[in-house]
Amino acid sequence: QTGAHVPVLVIGTGYGGCVAALRMAQHGVDVQMIEMGMAWDTPGADGKIFANTTTPDQRSYWLRTRTKQPLSNFLGFPIDKDIPRYTGILDAEEFAGIIVYQGRGLGGGSLVNGGMAVTPKRENFGAILPTVNPDEMYNTYYPRANSELGVGLVDPAWFDTVDCYQFARVGRKQAGRSGFPFVFVPDVYDWDYMKQEAAGTVPKSAVAGEILYGNNYGKKSLQKTYVPRIMATGRVNISTLHKVTSVSPASGGGYTVLIDQLNTNGDAVTTKSVTADRVFFAAGSVGTSKLLTMLKATGKLPNLSSEIGKGWGDNGNVMVGRANWWWDATGAVQASIPCGGIDNWAAGGAFAEVAPLPTGIETYASFYLSITKNPNRAEFSWNAATNKVDLSWQTAWKQPSIDMAKTIFDKINATEATIYRSDLFGVNKIWGDHLTYHPLGGAVLGKATDNYGRLNGYPGLYAIDGSLIPGNTSVNPFVTITALAERNIEKIIATDL
Ligand code: FAD
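Given the structure is predicted, the values throughout are model-derived calculations rather than measurements.

Taken together, 37 residues surround the ligand, and among them E35, G109, M116, G466 and F478 come closest. Between the ligand and the protein, one listed contact pairs a nitrogen atom with a backbone N or O atom of M116 at 2.7 Å. In this structure, an oxygen atom belonging to the ligand sits 2.9 Å away from a main-chain N or O atom of G466. Burial of the ligand by the protein chains amounts to 95% of its free accessible area of 1000 Å². Mapped by element, the contributors of at least two residues to the shell around the ligand are α1 (15-26), β6 (99-103), β9 (242-249), α8 (284-297) and α11 (478-496). Here the residues of the shell around the ligand are counted per class, giving 16 nonpolar, 17 polar and 4 charged.

Next comes the structure, spelled out in structure tokens:
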């Protein structure tokens, strides 16, 4: 409520925000969490909370009147359609050179993501977070994150036989025939539940192709892991459909936080002002970077580091499809949860997830999301003319990612005598180089903050999300975001309270 005073305010309810809130509350501190998206706890007219991938509706997109599907075309035909404007779950946020997909709602990206929960290889860690001691991460904080998130691996014997992973078995076979290692990728999906889905004994979500717009049953999003533990402390209040618009020093100490309450059309219905002793920025790489860039430029937090907004990367994301021969059918039913990848990181700078194309029909396509060692980094800046934050990323900066992904797929195409699909991202467009699912950086650890996320210039302000990581994690990022947050909050609780 307006005028309230809270010890800790957390902006955002994704991985970083949940870690901060849980540990603060367990330490006996009252916490207010602010989330601009919805609570996602109420079924729609179809009896389900989340919409299916094949039939997007108003629940699917954040304040859009037309869907913006990552795969925009099929057989060259555009597949986007009109939907009512609504505070839906997936934000396709458009900057000049890239679309950044993000989750909106209680649980942040955990609501929409594939649940792939990958700890980077230790040999790569020095390039991911150069100022962090790998021993503490690999001995303490990665294990803690994996255990709290409920990370598990597909049963390889079941994988070998089940229809819904035929696409991944084709991916494994073709990787092997070209001499690339295929690795199983851990996930937070409840694998016992998926076995029952495949057997037809429980309501389906992964096997019904649910991904991108939420998962109704088997995925252990933050709503099933950190959030119940946060609520069980009795010390945390969560306000959804509330958006933080300003943070500035309060005259009596602490910080004044301005918050817009939104309706489901995205309009601000009221503005609230609260005071907080400490504020955690956990609005995601883009959300935190946008807020901090704006607050520094507009004089609300002028002493923030000049490193704010810098060091942003796309985790080298690039997508591609390949057309298989008829004997390599990938299956009409594909589990929406990927469980394997092709590792050519050391030799070629690419780690490619063998991803599903859950269309419900046989497509003979193999589809991949590659994470690559793209060296390009962009910067957020305040645009006073538009009153918005711009991002300097350019589409052409994806070329290194394409080149790295080609080290895998050119070879597989040569071995299999197959070609790339050119009908998934437009007409005659092979590479999905217009987007990222993995925004990272903008308030880089050890640059815009100290080595634990304390924002330079303002005691009591912290960044604790993907904004801390300088652009690349070599694998899918959320385990690293969670582990780093666990590390930082432990230090902050021990020394700042
Ligand atoms: P987020 O999870 O993005 O949380 C930030 C929260 O803050 C959001 O809920 C947002 O609504 C809220 N917020 C933002 N601004 C404000 C504001 N001003 N006021 C109030 N609230 C605000 N990663 C993996 O590791 N494995 C995967 O398989 C995977 N698949 C993905 C698939 C898709 C389609 C997408 C989009 C992402 C995927 N990711 C995956 C990425 C992963 O989800 C993100 O890296 C992760 O969620 C980032 O965590 P975070 O804590 O930094 O922020």
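Moving on to the side chain of T372. Mapped onto the secondary structure, T372 falls in strand β15 (residues 365-372). Filtering out sequence-adjacent residues up to four positions away, T372 remains in contact with N315, G316, V318, W345, G349, A350, S401, M404, A405 and N472.

This next bit is on the pattern of salt bridges. Scanning the model with the defined rule gives 26 salt bridges in all. Between R64 and E94 there is a salt bridge, and its shortest N-O distance comes to 2.7 Å. In this pair, R64 is assigned in the loop between β2 (31-34) and β3 (73-74) and E94 in strand β5 (residues 90-94), connecting sequence segments 30 residues apart. You can call R64 buried: its relative accessible area is 16%. The class for E94 is partly exposed, based on a relative accessible area of 47%. With a closest N to O distance of 3.7 Å, E93 and R104 form a salt bridge. You can see E93 sitting in strand β5 and its partner R104 sitting in the loop between β6 and α2 (125-128), a full 11 residues away along the chain. You can call E93 buried: its relative accessible area is 12%. For R104, a relative accessible area of 8% corresponds to the buried category.

Here strand β17 (residues 388-391) shows a buried face lined by V389 and L391 and an unburied face lined by K388 and D390. Pairing geometry for strand β16 (residues 380-383) and β17, over 4 bridges, is antiparallel. Bridge pairing links W382 to V389 in β17. Linking β16 back to β17 in an antiparallel pair, the connection comprises 4 residues, with N387 at a positive phi of about 60°.

Our focus in this paragraph is the state of the cysteines. Tallied over the entire structure, the rule returns 0 disulfides. Left unpaired, C164 is separated from the closest cysteine sulfur, that of C339, by 8.5 Å.

As a packed pair, helix α5 (residues 166-177) and helix α10 (residues 399-416) sit with axes 9 Å apart at the nearest point and diverge in direction by 90°. On the basis of their axis angle, the class for α5 and α10 is roughly perpendicular. The residues of α10 that touch α5, namely those facing Q174, A175 and R177, are I412, T415 and E416.

What counts, and at which threshold
- Residues numbered from 1 in each chain as written.
- Predicted model: local features only at pLDDT ≥ 70, side-chain atom pairs only at ≥ 80, totals over all residues.
- Heavy atoms only, no water.
- Near = heavy atom within 4 Å.
- Polar contact = N/O pair within 3.5 Å; in protein donor to acceptor, adjacent residues only side chain to side chain.
- Areas by Shrake-Rupley, 256 points an atom, 1.4 Å probe, with all protein chains shown as cover.
- Helix = DSSP H or I, 4+ residues; strand = E, 2+ residues; numbered from the N terminus.
- Nonpolar A, V, L, I, M, F, W, Y, C, P; charged D, E, K, R; others polar.
- Contact = heavy atoms within 4.5 Å.
- Salt bridge = Lys/Arg side-chain N within 4 Å of Asp/Glu carboxyl O.
- Buried < 20%, exposed > 50% of the residue type's maximum accessible area, 1.4 Å probe, protein only.
- Pairing = 2+ DSSP bridges.
- Disulfide = S-S within 2.5 Å.
- Axes fitted to C-alpha atoms, helices over the stretch in contact; angles between N-to-C directions.
- Parallel < 35°, antiparallel > 145°, perpendicular 65-115°, else oblique.

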